Amino acid sequence: MRLGLAVGYWTRQPPQDLIPLVQEAERLGYHSVWTSEAWGSDAFTPLTWIAAHTSTIELGTAIAQMAARAPAATAMHALTLDHLSGGRLALGLGLSGPQVVEGWYGRPFPRSPLTATREYVGVIRAMLGSGRPLTLDGSYYGLPYPGPDGTGLGKPLRPAVKPLRRDLPIFLGAEGPKNIAQTAAIADGWLPLYWSPERRDVYAESLRDAPEGFRIAPMVYARLCEDPGPALFQVKAMISFYIGGMGAKGANFHANLMARMGFASEVARIQELFLAGRPDESIASVPDDFAHEISLIGSRDRIASRLAAFRDSGVTDLLITSKDLPTLRTLAELNLGAGASLTGRH
């Protein structure tokens, strides 16, 4: 199991310690670093800045939102950054949800999310891999543009720059069973929102046909500490926000996932309290057991035990959300002691 560092997106203003943090992770042997985006900072610009200040660490987007860019624009971002970084990019994509797609990007959420995702990935694969002018006929994406409001002057094109890697790895963020199964079929890796080593059966059927080498890369909050209370609160606050605020009450993929993991009644209560403007009670309603299962919090011995549990559950890349250097160093030591090869890219 490899370790990655997930630095997320900005809140309020750019972080001042980003580059020293990533450079220390690279020095410790972390395999990858991942940026993300919501409705503020984008995923690619900070990753390009990181690329300019590092040399070996893999660079991932977890996730770049598909609604933010036409697939051709995403392919151009990927092609460019892969060249600039010497072949270090891993392209993580996600569909997001109706509130963000329609509220922030001003686009309709696709009626068939699986089809939209499959076509989006297909366009990028074709642009990076075919080497030929592209003609595509899809339900959501057509090249040249086939709509009645077009001029009819579009012509098939191919990238003016030869891609550095035609097999650039693509990851998908997916939560529903069918979406996860499709991810295993069309992508190189999967970015789970919640992964509990104790509840991996939730994903077993969807991952049944995943090919050899398929990467499973969940994000995990980590904190080396003697008193787990404050760190556990951070995890519970994140869960409360995702369950209550990252999606409409009847269309929240994060809530649906936690319910499938065995917490349906708790999800209803968390969401009810959050939407009623009672955030403290919403956070308190998040089960401690669930928060512990999806995180790495506590003493060195407990973290070592949890690392082994994640490794044994099929995780290939554990993406750590932490800025605490003692925690990052301890994780590197423990993972290396378990026989992992942490130096360089794989």
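Residues numbered from 1 in each chain as written. Predicted model: local features only at pLDDT ≥ 70, side-chain atom pairs only at ≥ 80, totals over all residues. Heavy atoms only, no water.

### Let's talk about the overall build of the protein
Reasoning step 1: Helix and strand counts for the protein come out as 13 helices and 13 strands.
Reasoning step 2: Each principal axis of the C-alpha distribution contributes one length, and for the protein these read about 65 × 45 × 40 Å.
Reasoning step 3: Excluding contacts between residues fewer than 6 apart, the proportion of contacts in the protein whose partners are at least 24 apart in sequence is 74%.
Reasoning step 4: A total of about 16,100 Å² of accessible surface is found on the protein, and carbon and sulfur atoms cover 54% of it.
Reasoning step 5: Treating the 33 positive side-chain charges of the protein as one cloud and the 33 negative ones as another, the clouds have centres 6 Å apart. (Helix = DSSP H or I, 4+ residues; strand = E, 2+ residues; numbered from the N terminus. Contact = heavy atoms within 4.5 Å. Areas by Shrake-Rupley, 256 points an atom, 1.4 Å probe, with all protein chains shown as cover. Lys, Arg positive; Asp, Glu negative; His and termini not counted. Charge placed at Lys NZ, Arg CZ, Asp CG, Glu CD.)

### Some details on the nonpolar core
Reasoning step 1: Core analysis: the biggest nonpolar cluster contains 87 residues, and Tyr30, Leu93, Tyr194, Ile239 and Leu318 have the highest contact counts within it.
Reasoning step 2: In terms of nonpolar packing, the next biggest core, distinct from the first, is built from eight residues, Ala6, Trp34, Ala62 and Ala90 among them. (Core = buried A, V, L, I, M, F, W, Y, C linked by side-chain atoms within 4.5 Å. Buried < 20%, exposed > 50% of the residue type's maximum accessible area, 1.4 Å probe, protein only.)

### Regarding helix α6 (residues 177-186)
Reasoning step 1: Among the residues of α6, Asn179, Ile180, Gln182, Thr183 and Ala184 are the ones counted as buried.
Reasoning step 2: Among the structural elements, α5 (113-129), β8 (170-173), β9 (189-190) and α7 (201-204) are those in contact with the buried residues of α6.

### Observations concerning the packing of helix α8 (residues 229-245) against helix α9 (residues 253-275)
Reasoning step 1: In contact at an axis separation of 8 Å, α8 and α9 are set at 85° when each is read in the N-to-C sense. When the interaxial angle is binned, α8 and α9 end up roughly perpendicular. When α8 is examined against α9, the residues Ile239, Ser240, Phe241, Tyr242, Ile243, Gly244 and Gly245 are found in contact with a partner set consisting of His254, Ala255, Met258, Val267, Ile270, Gln271, Phe274 and Leu275.
Reasoning step 2: Classifying every residue of the contact of α8 with α9 by side-chain character gives 10 nonpolar, five polar and no charged. (Axes fitted to C-alpha atoms, helices over the stretch in contact; angles between N-to-C directions. Parallel < 35°, antiparallel > 145°, perpendicular 65-115°, else oblique. Nonpolar A, V, L, I, M, F, W, Y, C, P; charged D, E, K, R; others polar.)

### A few points about helix α1 (residues 18-28)
Reasoning step 1: Of all 11 residues that make up α1, eight are buried, and the element is covered over most of its length.
Reasoning step 2: Where α1 is concerned, the buried positions are Leu18, Ile19, Leu21, Val22, Glu24, Ala25, Glu26 and Leu28.
Reasoning step 3: Residues of α1 that are buried make contact with β1 (2-8), β2 (32-35), α2 (44-52) and α13 (325-337).
Reasoning step 4: Positioned one or two residues after α1, glycine 29 has a phi angle of 100°, which is positive.

### A look at the pairing of strand β13 (residues 317-321)
Reasoning step 1: Counting buried residues in β13 gives four out of five residues, a clear majority hidden from the surface.
Reasoning step 2: The sheet contact formed by strand β11 (residues 219-224) and β13 spans three bridges and is parallel. Of the residues in β13, the one forming a bridge with tyrosine 221 is threonine 321. (Pairing = 2+ DSSP bridges.)

### Focus on the packing of helix α3 (residues 71-84) against α5
Reasoning step 1: At a closest axis distance of 9 Å, the pairing of α3 and α5 adopts a crossing angle of 45°. The angle between α3 and α5 falls in the class oblique. Here α3 runs over α5; the crossing is right-handed. Judged by residue contacts, Pro71, Ala72, Thr74, Ala75 and Leu79 of α3 engage Tyr120, Val123, Ile124, Met127 and Leu128 from α5.
Reasoning step 2: Residues of the contact of α3 with α5, tallied by class, amount to nine nonpolar, one polar and no charged. (Left-handed = near helix turned anticlockwise from the far one by under 90°.)

### Let's talk about the pattern of salt bridges
Reasoning step 1: Enumeration according to the criterion identifies 17 salt bridges in this entry.
Reasoning step 2: Between arginine 69 and glutamate 37 there is a salt bridge, with its nearest N and O atoms 2.9 Å apart. Pair noted here: arginine 69 is in the loop between β4 (64-65) and α3 and glutamate 37 is in the loop between β2 and α2, with a separation of 32 residues, a long-range link.
Reasoning step 3: Owing to a relative accessible area of 11%, arginine 69 belongs among the buried residues under this scheme.
Reasoning step 4: Ionic pairing is found between arginine 215 and glutamate 58, a salt bridge with its closest N-O pair at 2.9 Å. Note that arginine 215 is positioned in strand β10 (residues 215-216) and glutamate 58 in strand β3 (residues 58-61), a separation of 157 residues in sequence.
Reasoning step 5: Note on arginine 215: relative accessible area 11%, which makes it buried. (Salt bridge = Lys/Arg side-chain N within 4 Å of Asp/Glu carboxyl O.)

### Let's talk about the confidence of the model for the protein
Reasoning step 1: Per-residue pLDDT for the protein has a mean of 94; in total, 97% of the residues score no lower than 70.
Reasoning step 2: Taken together, the stretch residues 340-346 has pLDDT below 50 and engages in 21 contacts with residues farther than four places along the chain or on a different chain. (pLDDT = per-residue confidence, 0-100.)

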